[in-house]
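# A closer look at the structure
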Amino acid sequence: MGDRLVAAYVKFGYFDDAQILFDEMPSKDLVSWNSLISGFSRRGDVGKCFNTFCRIKSEMGMAPNEVSLISTISACIDTGAVDAGNYIHGLAVKMGLLSEIKVVNALINMYGKFGYLELACQLFKAMPIPNLVSWNSVLGVHIQNGLTEEGIDVFKAMRRAGVESDQATMVCLLQGCGDFRCWETGVCYSWEMKNPDRIAWTAMLAGYAMHGYGRGAIELFDVMVKNGVEPDHVTFTHLLNAFSHSGFVKEGRKYFELMSCVYRVEPRLDHYSCMVDLLAKFISLTEKRTIIIRDSKRFHHFVAGSCSCGDYW
């Protein structure tokens, strides 16, 4: 019963109450210790994670397991605690937990977030049989560190190894949409996905927006809706941004209205900013008129496609 209450307090964010209840429990098992570590990890309290981690052995005479390590690694990532992360890696080696694939995947992700790509790759290469999460982790750390070409190579190696990609793989590739080849590769393989979710569709739209493919963005949006995926405010931000980069004034107006009237998505500041960018820039440029638009801050004068105060261009 005590284990469940500790887990419940942690789940709902009552970390101090969880700590008090935990300390009052006459008998504790590894599940309750790990629940407490998980709570401190969610709060980003690396110190208490380590303190609880050490207490497992000193008070209970038992060794922490892979769940204990993964929660502590997560806290290290969230707080940027590089030294603590290195220490946990050393403990994993000492305890023989590098045979646990989930632990190695967590370490790959950690070193990637810290920018230690070589260490992340060494861990990956040492794995006897990396799983899909392992491949996605090493792909993701390359993309996150701006090494999109190398990320594509990882993706190709993954396919050669016979590992079938999932939506997380495609989203990783599409997040490199600033690099045209990486984005194009992601789009090509995204069409092979079964039932892509809204995150995957939106990631593809973001690439179309960045590269100014307004017509492609419309076609992709229509296919997404036909597949039963409901667009949200992020989807419309990227769609309107694609219109802005392509100069699609008519289409921008149409989908801005559809957003609230048909899809029940209330316009936010990002959407209005896209429309200001689209209407003012292209009308003032093509029709040689001065356009005056007020946003939440001030009036803006647009002449020949430029904003006089420089807030937009």
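What you see is a predicted model, and the numbers here were worked out from it, not measured in a lab.

### Looking at the packing of helix α7 (residues 101-114) against helix α8 (residues 117-125)
Interhelical geometry of α7 versus α8 gives an angle of 160° and a closest axis separation of 7 Å. On the basis of their axis angle, the class for α7 and α8 is roughly antiparallel. In terms of crossing hand, the pair formed by α7 and α8 is left-handed. In contact with Val104, Leu107, Ile108, Tyr111 and Gly112 of α7, α8 contributes Leu117, Leu119, Ala120, Leu123 and Phe124. Per-class residue counts for the contact of α7 with α8 are 9 nonpolar, 1 polar and no charged.

### So, the UniProt feature "repeat: PPR" (unreviewed entry) in the chain
Feature annotation in UniProt places "repeat: PPR" (unreviewed entry) on residues 29-64, 131-165 and 197-231, given in this structure's numbering. Along residues 131-165 the backbone is 74% helical and 0% strand, and the end-to-end C-alpha distance reaches 11 Å. Annotation note: span residues 197-231, helix share 74%, strand share 0%, distance between end C-alpha atoms 10 Å.

### Topic: the packing of aromatic side chains
For the coordinates displayed, the defined rule picks out 11 aromatic pairs. Ring centres of Phe50 and Tyr87 lie 5.7 Å apart, and the angle between their planes is 45°; this geometry places the pair in the tilted category. Pair noted here: Phe50 is in helix α4 (residues 46-60) and Tyr87 is in helix α6 (residues 82-94), with a separation of 37 residues, a long-range link. Exposure remark for Phe50: the relative accessible area of 14% places this residue in the buried category. With relative accessibility at 48%, the residue Tyr87 sits in the partly exposed group. The interplanar angle of 85° and the centroid separation of 5.6 Å between the aromatic rings of Phe221 and Tyr255 together place this pair among those described as edge-to-face. Within this pair, whereas Phe221 is found in helix α14 (residues 214-226), its partner Tyr255 is found in helix α16 (residues 249-261), the two being separated by 34 residues in sequence. In this pair, the class of Phe221 matches that of Tyr255, namely buried.

### Considering the packing of helix α5 (residues 66-79) against α6
Where α5 contacts α6, the axes come no closer than 9 Å and their chain directions differ by 160°. One element, α5, and the other, α6, form an angle in the roughly antiparallel class. Where α5 crosses over α6, the handedness of that crossing is left-handed. In this structure, α5 contributes Leu69, Thr72, Ile73 and Cys76 to the contact, and α6 contributes Ala84, Gly85, Ile88 and Ala92.

### Details of the environment of Asn109
Tracing the chain through its elements places Asn109 in helix α7. A relative accessible area of 25% places Asn109 in the partly exposed class. C-alpha separation for the pair Asn109 and Val141, spaced 32 residues apart in sequence, amounts to 6.8 Å. With residues up to four places along the chain from it excluded, the contact list for Asn109 reads Ile77 and Val141.

### Section: the nonpolar core
With 54 residues, the main nonpolar core has Val46, Leu69, Ile73, Cys76, Ile108 and Met110 as its most contacted residues. Counting residues per element, this core draws most heavily on α7, at 8 residues. Residues in contact with Cys76, not counting those within four places in the same chain, are Val46, Phe50, Ala81, Ala84, Gly85, Met110 and Phe114. Counting residues in hydrophobic clusters, the runner-up holds 28 residues, among them Ala209, Val229, Met259 and Val265.

### Describing unusual backbone geometry
Even without glycine at this site, Arg264 takes up a positive phi of about 55°. Looking at the element boundaries, Arg264 is found in the loop between α16 and α17 (269-286). Residue Arg264 is classed as exposed on the basis of its relative accessible area, which comes to 66%.

Rules used throughout
Residues numbered from 1 in each chain as written. Predicted model: local features only at pLDDT ≥ 70, side-chain atom pairs only at ≥ 80, totals over all residues. Heavy atoms only, no water. Axes fitted to C-alpha atoms, helices over the stretch in contact; angles between N-to-C directions. Helix = DSSP H or I, 4+ residues; strand = E, 2+ residues; numbered from the N terminus. Parallel < 35°, antiparallel > 145°, perpendicular 65-115°, else oblique. Left-handed = near helix turned anticlockwise from the far one by under 90°. Contact = heavy atoms within 4.5 Å. Nonpolar A, V, L, I, M, F, W, Y, C, P; charged D, E, K, R; others polar. UniProt positions renumbered as here; feature names shortened; annotations may be inferred. Phe/Tyr/Trp six-rings, centres within 6.5 Å; stacked < 30°, edge-to-face > 60°. Buried < 20%, exposed > 50% of the residue type's maximum accessible area, 1.4 Å probe, protein only. Core = buried A, V, L, I, M, F, W, Y, C linked by side-chain atoms within 4.5 Å.

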